[in-house]
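Coordinates in review
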Amino acid sequence: MAKAFYLTTPIYYVNDAPHIGHAYTTVAGDVLTRWHRARGEEVWFLTGTDEHGEKVLRTAEANNVAPQDWCDRLVEEAWKPVWKDLNIANDDFIRTTQPRHIVRVQKFLQGLMDSGFIYEGKYEGPYCVGCEEFKLESDLIDGNCPIHSKPVENLSETNWFFKLSEFAQPLLDRYRNNPEACQPESARNEVVAFLEGGVQDLSISRSSFSWGIPVPWDQDQVVYVWFDALLNYATAVGLGEDSDGELGEKFKKTWPVSVHLVGKDILRFHAVIWPAMLMAAKLPLPERVFAHGWLLVGGEKMSKSKLTGIAPADITSHFGVDAFRYYFLRAIPFGSDGSFSWEDMAARYTSELANDFGNLASRATAMIEKYCDGVLPERSSDQELEKFLVDTCRKADDAFIKLDFQTGINSIMEFCKRVNGYLTEKEPWSLAKDPSRKKEIDEILYNTAESLRALAILFYPVMPTTSEKLWEMIGGNSLGDISQMKIFDVAQWGQLEPGTKVSKGDALFPRLED
Ligand code: MSP
């Protein structure tokens, strides 16, 4: 049984609707999983919502709504619709209030209790409700959480503790021996430095409120929201279920996670606490945690709490969904912070999407309509274009599987530019003045159509709707649905069938209104 490529996004707090920072992670996950599907791999793509804890509870209370009703409303009216609008093809959506999650968290926790990794103790110290995190004094800036720029709260509670400190050395060994496990390098260095500084045991329950999963042996306490949330990655695929049953099979097929995509602010949870929990339970560890940077506004992390959050629809209503999906991965190296600017987005939309890509598609299909009666001419080939395409596929694949989206997209764009250059050099419109040169025009246009076939498939993970439109324009459907096309077959030249109907259709990227 081949293991699936299993990718997760963080599960998002439902204290508010998604902003483009959240969409950034989810789109990256969608692009990567679509790429892996196009490699012919079986894929499992999980996203969802983190619904327990004080942050969500306080928001529900402030809105005079019961927390479960609040979560139901936000999930159905805000989160799921936004992912649908952005064309996110997740295979599952987990909510931490679902019974499947709750029972498996309790079972896991009981297992750690029974094997001696949990004890009762007293927690006294700072806590940031925005982060839902116990802080160290050394984390704070003037008594404030450095992420939320707000004062922390001082907690004093008798809680249940997880023996996290026992895992500092095994985790250090893991990151030193297996650099792939935490990326990019800057993230790994941060985690290693943190582990070298020593790790304290972790309070994993709370007693001052009840919006959470009850600790199975102590009904006065609920499970700490991060301990609950991290387990979603395993509960969603059947953690702890009978290994012979259907869910057990699912677990065997998906576990361990191939890539956890996270923002850099939640790296420690994923690279320290989470693998320690799995080590304690003797479960295989995720293959890779990748921490991406932040979208910044005014040099600070964009966030709803600071009123700097931009809703994805504010951008997609102007530029369209595919340009949104393209822009952030193209403009910001994955792993670094980046600022969003309307000007930069408009400039790239016009020069890269509308001019380089969209115009190529309309020029080529218009010429096939004009010079070939809208029918694809006889097969032909061009050695240079073919070779360029072989290299492009290799470069793009190398980059995408390393999560270097920018290089992957650039290499596809380079091919697009090359094809534009090919048309400009060959000037089929000039040849058209001489009827004896019709064969040359046919060759040029067949080669251009083949290049568009390749571009449609290569861009499909990033811009699925645009690629589907282009596929339709060049008559690609006679080869099958574009979602079924495989990256490793793209460079095989001459797949489009001569005689297929080609039509110009609408512009892939319409001119922007001011
Ligand atoms: N609920 C936790 C995650 C639990 S995962 C077991 C959480 N939720 S969150 O809604 O606050 O954030 C989810 C993700 O969105 C994080 O990866 C975070 O980095 C990301 N982003 C939130 N704001 C962001 C930006 N401004 N820019 C990029 N990503 C941002 O944390």
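All of these numbers come straight from a predicted model, not from anything done at the bench.

**Topic: the nonpolar core**
- By size, the foremost hydrophobic cluster in this structure holds 177 residues, and its most contacted members are Phe-162, Phe-227, Trp-255, Phe-328 and Phe-357.
- Cys-128, Cys-131, Cys-145 and Val-152 belong to the second-largest nonpolar core, a separate cluster that totals 5 residues.

**Some remarks on the packing of aromatic side chains**
- A full pass over the atoms with the stated rule returns 35 aromatic pairs.
- Taken together, a centroid distance of 4.9 Å and an interplanar angle of 90° make the contact between Phe-334 and Phe-405 edge-to-face. In this pair, Phe-334 is assigned in the loop between α12 (321-331) and β16 (338-339) and Phe-405 in helix α15 (residues 405-426), connecting sequence segments 71 residues apart.
- Given the relative accessible area of 9%, Phe-334 is considered buried.
- We note Lys-80 situated over the ring of Phe-93; from NZ or CZ to the ring centre the distance is 5.1 Å.

**Re the sheet that holds strand β1 (residues 5-13)**
- Pairing is parallel in the open sheet, where 6 strands are placed in the order β3-β2-β1-β12-β13-β7. Of all the strands in the sheet, the pair left with one neighbour each is β3 (92-95) and β7 (182-183).
- Here β1 runs beside strand β2 (residues 43-50); their pairing, made up of 7 bridges, is parallel. Paired with Thr-8 across the bridge in β2 is Leu-46.
- Contacts from helix α10 (residues 267-280) reach β7, β12 (259-263) and β13 (289-292), with the element oriented near 135° to β12.

**Things to note about the site of the ligand**
- Near the ligand there are 24 residues, and of these Ile-11, Asp-50, Gly-263, Asp-265 and Leu-295 occur at the shortest range.
- Leu-295 places a main-chain nitrogen or oxygen 2.8 Å from a nitrogen atom of the ligand.
- Taking 660 Å² as the accessible area of the ligand by itself, protein coverage stands at 96%.
- Contributing elements (two or more residues each) for the shell around the ligand: β1, α1 (20-38), α7 (225-230), α8 (232-235) and β12.
- Residue composition of the shell around the ligand, grouped by class: 13 nonpolar, 8 polar and 3 charged.

**Quick notes on the packing of α1 against α12**
- In contact at an axis separation of 10 Å, α1 and α12 are set at 95° when each is read in the N-to-C sense. It follows that α1 is roughly perpendicular to α12 by the angle criterion. Across from Ile-20, Ala-23, Tyr-24, Val-27, Ala-28, Asp-30, Val-31 and Arg-34 in α1, the residues of α12 making contact are Phe-324, Arg-325, Phe-328 and Leu-329.
- Taken together, the residues of the contact of α1 with α12 sort by class into 9 nonpolar, no polar and 3 charged.

**Side note on the packing of α12 against helix α13 (residues 342-372)**
- Where α12 meets α13, the axes come as close as 11 Å, and the angle between the chain directions of the two elements is 105°. Relative to α13, α12 is oriented roughly perpendicular. Along the contact surface, α12 presents Ala-323, Phe-324, Tyr-326, Tyr-327, Arg-330 and Ala-331, while α13 presents Asp-344, Met-345, Arg-348, Tyr-349, Glu-352 and Leu-353.

**Quick word on the side chain of Ser-380**
- Within the secondary structure layout, Ser-380 lies in the loop between α13 and α14 (383-401).
- A polar contact is formed between the side chain of Ser-380 and the backbone oxygen of Glu-443, at a distance of 3.1 Å.
- At 3.2 Å, the side chain of Ser-380 and the side chain of Asn-447 are in polar contact.
- Once you skip the residues sitting within four places of it in the chain, Ser-380 turns out to touch Glu-443, Tyr-446, Asn-447 and Trp-493.

**A word on α15**
- For α15, spanning 22 residues, the distance from its first C-alpha to its last is 32 Å, which sits close to the expected 32 Å at 1.5 Å a residue.
- Immediately beyond the C-terminal end of α15, within one or two residues, lies Glu-427, with a positive phi of roughly 45°.

**Side note on the pairing of β1**
- β1 sits mainly inside the fold: 9 of its 9 residues count as buried.
- Each parallel crossover has a hand, and for β1 linked through α1 to β2 it is right-handed.
- When β1 meets β12, the two strands line up parallel, connected through 2 bridges. Opposite Leu-7, over in β12, you have Val-259 as the bridge partner.

**Points about the environment of Val-257**
- Secondary-structure assignment places Val-257 in the loop between α9 (246-254) and β12.
- Judged by its relative accessible area of 0%, Val-257 falls in the buried class.
- Once the C-alpha coordinates of Val-257 and Phe-45 are considered, the two residues, 212 residues apart in sequence, prove to be 10.0 Å apart.
- Not counting chain neighbours up to four residues away, the residues in contact with Val-257 comprise Tyr-6, Thr-8, Tyr-233, Pro-286, Glu-287 and Arg-288.

**Topic: the side chain of Lys-55**
- Tracing the sequence through the fold places Lys-55 in helix α2 (residues 54-62).
- For Lys-55, which is buried and forms no salt bridge, the nearest opposite charge comes from Glu-132, at a distance of 6.9 Å.
- Setting aside residues no more than four positions away along its own chain, Lys-55 makes contact with Tyr-13, Asn-15, Val-129, Gly-130, Glu-132 and His-148.

**Describing the pattern of salt bridges**
- This structure, assessed with the given rule, holds 35 salt bridges.
- With a closest N to O distance of 2.7 Å, Glu-196 and Arg-176 form a salt bridge. Of the two residues, Glu-196 is situated in helix α6 (residues 185-196) and Arg-176 in helix α5 (residues 168-177); the sequence distance between them amounts to 20 residues.
- We note a salt bridge from Asp-391 to Lys-387, for which the minimum N-O separation is 3.0 Å.

Calculation notes
- Residues numbered from 1 in each chain as written.
- Predicted model: local features only at pLDDT ≥ 70, side-chain atom pairs only at ≥ 80, totals over all residues.
- Heavy atoms only, no water.
- Core = buried A, V, L, I, M, F, W, Y, C linked by side-chain atoms within 4.5 Å.
- Buried < 20%, exposed > 50% of the residue type's maximum accessible area, 1.4 Å probe, protein only.
- Phe/Tyr/Trp six-rings, centres within 6.5 Å; stacked < 30°, edge-to-face > 60°.
- Helix = DSSP H or I, 4+ residues; strand = E, 2+ residues; numbered from the N terminus.
- Lys NZ or Arg CZ within 6 Å of the ring centre and 35° of its normal.
- Pairing = 2+ DSSP bridges.
- Contact = heavy atoms within 4.5 Å.
- Axes fitted to C-alpha atoms, helices over the stretch in contact; angles between N-to-C directions.
- Near = heavy atom within 4 Å.
- Polar contact = N/O pair within 3.5 Å; in protein donor to acceptor, adjacent residues only side chain to side chain.
- Areas by Shrake-Rupley, 256 points an atom, 1.4 Å probe, with all protein chains shown as cover.
- Nonpolar A, V, L, I, M, F, W, Y, C, P; charged D, E, K, R; others polar.
- Parallel < 35°, antiparallel > 145°, perpendicular 65-115°, else oblique.
- Expected span 1.5 Å × (residues − 1).
- Right-handed = clockwise from strand over helix to strand, strands pointing away.
- Lys, Arg positive; Asp, Glu negative; His and termini not counted.
- Salt bridge = Lys/Arg side-chain N within 4 Å of Asp/Glu carboxyl O.

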